[in-house]
Amino acid sequence: METLLFEFALTCYFAATIACGLELFKGTKTTSRIMFGLVVAGFVLHTANILARYFISGHMPTASLHEASSFFSWCIVLLFFFLEYRYRVGLLGSFIMPVVFVLMLTSSMLPRKIENLSPLLQSSWLFIHTAFAFIGDAAFAMAFGVGIMYLVQEHYVKSKHLGGLFKRLPSLQILDEMNYRLITIGFPFLTLAIITGALWAETALGRFWRWDPKEVWSLITWFIYAAVLHLRLTKGWRGKKAAILSIIGFCIVLFTFFGVNLLLKGYHTF
Amino acid sequence: MKIAVVGLNHKTADVELREKLAFNGPKLEEGLFSIKAIAGIKEAAILSTCNRVEIYLTVTDLQQAFSSLKDFLVQFFDLKRDSLDTALYLHEDMMAVKHIFRVASSLDSMVLGEPQILGQLKDAFDFALEKKATGALLNRLLKKSISVAKRVRTETRIASSAVSISFAAVELAKKIFTDLSGKSFMLLGAGEMAELAAKHMMNNGVQEIAVANRTYERGCELAHEFNGKAIKFEEFPEKLVNTDILICSTGAPAYVLLKEHMQKAMKLRKQKPVFLIDISVPRNIDPAINDMDNVYLYNVDDLNDVVDTNKQERQKEAEKAEEIVEEEIETFKKWLSTLDSVPAVVALREKADAIRKEELERFFNRFPALGEKERKAIEGLSGAIMNKLIHGPTVALKDDAEDKDIMISVIRKLYGLNGDDDEKR
């Protein structure tokens with residue numbers, strides 16, 4: 001049942017991603033409505049899937065890589081709705097839905113069995129720690145999408161070829177502002193995720209920090225985004241530089257998320 | 001009754017002639033009354049703008065009306081007899097409808113897609129309506145052309161991009177800053193184009209304006225005009241820190257705004273974006289500045305390129321608009337045909353006959369015992385009643401009366417004869 005829900009959600013997101021592509025090449029009111037409708041449908045099914053897994057397993061469904069990357073995409077879609085409501089900028093979906101779809105596709109290819117939670121992880125910290133981590137990561141994913149939009153639009157303005165998407169992409173100022181806002185949302189959540197993780201490690205294992213690969217890479221991510229914010233405020237690294245940094249930042253987030261699990265070993269690995 | 005358009009525009013007449021033919025001030029009312037009084041002209045409205053003078057008419061005898069109208073124009077504007085021969089065009093019937101739809105949708109304008117014409121057309125008809133010079137037909141035609149123009153506006157992107165340098169600059173500024181209110185603006189040097197661009201910027205919300213001109217007095221004058229403040233020309237590099245948008249046209253032979261000026265300013269303003277517009281020839285802003293981050297420099301050629309691509313886009317959109325016009329002509333044609341008496345008479349008879357047949361069938365079903373003879377008699381009786389009843393309206397429709405079109409629409413309404421779907425929409 002819950003697997004079926006997942007498949008349907010994935011299908012909706014896939015169709016939405018195709019609609020997003022159409023939206024890019026031939027934007028009309030209809031394509032953007034269809035796209036939005038598909039995202040909403042996918043989100044509802046996806047939510048049902050996550051709730052189902054929660055009730056079956058009795059714990060936050062972020063305990064396997066399949067669950068985690070599914071929950072990660074769920075957070076991104078939630079944030080997407082919020083940004084659509086708050087900013088109403090054109091073409092946002094076209095730049096973020098592919099990310100959601102790829103994450104979901106990856107999730108679909110990973111083992112979906114609901115595992116019994118190892119005693120080590122059985123704690124309400126699981127909920128707090130992973131929720132913070134994924135909200136933060138979702139904000140960084142969004143900043144990545146917005147950063148790409150910025151680079152595209154900046155390219156149009158700078159090269160003076162105002163064709164293509166120039167008219168439909170939002171202004172540079174809005175994109176830069178969104179990028180900044182998203183990182184200011186993501187950064188505190190990442191910080192909280194690291195702190196709650198340390199506290200959890202302390203209660204479960206007796207030590208705050210064990211230089212587990214995930215911990216190390218999270219710290220690297222934290223430094224990157226700290227640098228993004230710091231450089232913006234002191235050196236005026238805004239616009240293009242900020243956009244590029246947020247793209248690099250998200251690549252590191254992805255590595256921390258998948259790479260560490262698949263390539264390196266540690267107690268975060270499942 | 002025929003719809004006709006008589007007029008001249010920027011394509012058929014030069015500005016000298018258009019000037020002479022302008023119906024402005026009291027001439028508009030005087031002209032309208034005189035035209036309405038011409039024999040054979042039933043309705044009239046005059047559109048007079050700097051690019052076109054057109055008279056919309058419904059006439060009973062077109063050729064006669066046209067030649068008297070021409071005589072009137074020659075005499076009214078004191079022209080030479082043959083001066084109008086090549087300039088004046090005459091469209092009739094569906095060509096006239098098409099023409100007015102195209103004018104309203106700005107497909108016939110000098111600048112394709114420019115928005116003013118629709119308002120001017122509305123004003124022209126409002127005035128004619130107020131002076132009771134128009135009737136059902138022209139009023140309907142105007143209403144329709146407004147809706148056609150709106151459809152064109154929403155379904156095509158004919159008016160969505162800037163086709164003048166100053167508007168292109170505003171459009172770009174909006175893609176850099178979103179909202180221009182609260183942005184500060186500097187005018188470096190003075191020139192007609194720069195002032196025009198400054199005006200557009202102000203119309204779009206720019207509030208703070210600084211003017212730096214070589215002659216300080218001229219700068220002060222300009223600053224006064226824009227409600228801004230004048231600064232000394234030598235001081236402008238320092239003021240760059242607080243300038244978001246700059247328009248430069250100084251007429252200096254070399255670069256005035258150098259890269260080091262901008263580098264210093266950008267550092268101080270923490271890289272907040274700047275939009276520079278250089279409309280001077282030779283250029284006054286070092287083009288190397290465009291390589292800096294968060295600085296966007298456009299010169300005259302760049303803006304002209306933007307305008308050219310936008311014009312091409314409008315041309316493409318105009319093709320879609322022409323299709324819309326063709327479609328709408330069809331619906332207007334349908335409506336016009338309901339004004340014709342023959343289809344109305346036919347529709348009336350068909351409706352009456354349908355009712356008669358239905359009732360007869362019901363009656364015969366109720367009394368199956370009736371013999372063939374009785375049936376025939378009853379059929380004959382109902383036919384006679386029907387014919388007598390519709391005789392009056394039929395005669396009224398066929399009569400070539402003055403108010404025939406009103407009669408047709410009344411009868412269509414009274415008897416619920418369809419064919420006027422457009423009205424209900």
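Residues numbered from 1 in each chain as written. Chains lettered and ligands numbered in written order. Predicted model: local features only at pLDDT ≥ 70, side-chain atom pairs only at ≥ 80, totals over all residues.

Here's the deal with the packing of helix α4 (residues 93-104) of chain B against helix α6 (residues 136-155) of chain B
Residue and element names in this part refer to chain B.
And then number 1: The interhelical angle for the contact between α4 and α6, taken along N-to-C directions, is 45°, at an axis separation of 8 Å. When the axis of α4 is compared with that of α6, the two are oblique. Pair α4 / α6 crosses with right-handed handedness. Taken together, the residues of α6 that come into contact with α4 (itself represented by Val 97, Ile 100, Phe 101 and Ala 104) are Leu 141, Ser 145, Ile 146, Val 148 and Ala 149. (Axes fitted to C-alpha atoms, helices over the stretch in contact; angles between N-to-C directions. Helix = DSSP H or I, 4+ residues; strand = E, 2+ residues; numbered from the N terminus. Parallel < 35°, antiparallel > 145°, perpendicular 65-115°, else oblique. Left-handed = near helix turned anticlockwise from the far one by under 90°. Contact = placed C-beta atoms within 7 Å.)

Describing the packing of helix α14 (residues 372-398) of chain B against helix α15 (residues 404-414) of chain B
Residue and element names in this part refer to chain B.
And then number 1: Interaxial distance between α14 and α15 falls to 9 Å at its minimum, and their mutual angle equals 150°. In terms of axis orientation, α14 runs roughly antiparallel to α15. Judged by the twist between their axes, the crossing of α14 over α15 is left-handed. The residues of α15 that touch α14, namely those facing Pro 393, Ala 396 and Leu 397, are Met 407, Ile 408 and Ile 411.
And then number 2: The class makeup of the residues in the contact of α14 with α15 is six nonpolar, no polar and no charged. (Nonpolar A, V, L, I, M, F, W, Y, C, P; charged D, E, K, R; others polar.)

Some points on helix α8 (residues 192-203) of chain B
Residues and elements named next belong to chain B.
And then number 1: Its 12 residues give α8 an end-to-end C-alpha distance of 17 Å, which sits within 8% of 16 Å, the value for a rise of 1.5 Å per residue.
And then number 2: Within α8, burial applies to Ala 194, Ala 197, Ala 198, His 200 and Met 201. Looking straight down α8, one finds its buried side chains confined to an arc of 160°; they lie on one side. Away from its buried face, by an angle of more than 90 degrees, α8 presents the exposed residues Glu 192 and Asn 203.
And then number 3: Looking one or two residues beyond α8, the residue adopting positive phi is Gly 205, at roughly 110°. (Expected span 1.5 Å × (residues − 1). Buried ≥ 20, exposed ≤ 12 C-beta atoms within 10 Å, placed from the backbone. Arc of directions from axis to C-beta.)

Section: the sheet that holds strand β5 (residues 184-188) of chain B
Backbone-to-backbone hydrogen bonds join strands into a sheet, with any given pair of strands oriented parallel or antiparallel.
Residue and element names in this part refer to chain B.
And then number 1: Here six strands make up an open sheet; going across it, the order is β7-β6-β5-β8-β9-β10 and the pairing parallel. Either end of the sheet is taken by a strand with one partner, and the two such strands are β7 (229-232) and β10 (295-299). Each strand axis lies, on average, 20° off the axis of its neighbour in the sheet, ignoring direction.
And then number 2: Here β5 pairs with strand β6 (residues 208-213) via five bridges, running parallel. Each residue of the ladder has a partner; that of Leu 188, found in β6, is Ala 212.
And then number 3: The strands touched by α8 are β5, β6, β8 (245-248) and β9 (274-278); relative to β8, the strand with the most contacts, the crossing angle is about 160°.
And then number 4: Sitting on the sheet, helix α9 (residues 216-225) is in contact with β5, β6 and β7, with an inclination near 160° to β6. (Pairing = 2+ DSSP bridges.)

Details of the sheet that holds strand β1 (residues 2-9) of chain B
Residue and element names in this part refer to chain B.
And then number 1: Read across the open sheet, the four strands follow the order β2-β3-β1-β4; overall the sheet is antiparallel. Looking at strand neighbours, the two that pair on one side only are β2 (41-48) and β4 (89-92), the edges of this open sheet. Mean inter-strand twist for the sheet, computed between neighbouring axes without regard to direction, equals 15°.
And then number 2: Examined bridge by bridge, β1 and strand β3 (residues 52-59) share eight bridges and lie antiparallel to one another. By the bridge assignment, Leu 8 is partnered in β3 with Val 53.
And then number 3: Sitting on the sheet, α4 touches β1, β3 and β4, and the angle it makes with β1 is about 50°.

Observations concerning the interface of chain B and chain A
And then number 1: Taken together, the contacts link 16 residues of chain B with 15 residues of chain A.
And then number 2: Elements supplying a minimum of two residues to the side of chain B that touches chain A: α7 (165-177), β10 and α12 (300-337) of chain B.
And then number 3: Here the side of chain B that touches chain A is built from residues that sort into six nonpolar, four polar and six charged.

Considerations on the confidence of the model for chain B
And then number 1: Mean pLDDT for chain B: 87, with 97% of residues reaching 70 or above.
And then number 2: Confidence, expressed as mean pLDDT per element, reaches its minimum in chain B at helix α16 (residues 421-424) of chain B with 41 and its maximum at α4 of chain B with 94. (pLDDT = per-residue confidence, 0-100.)

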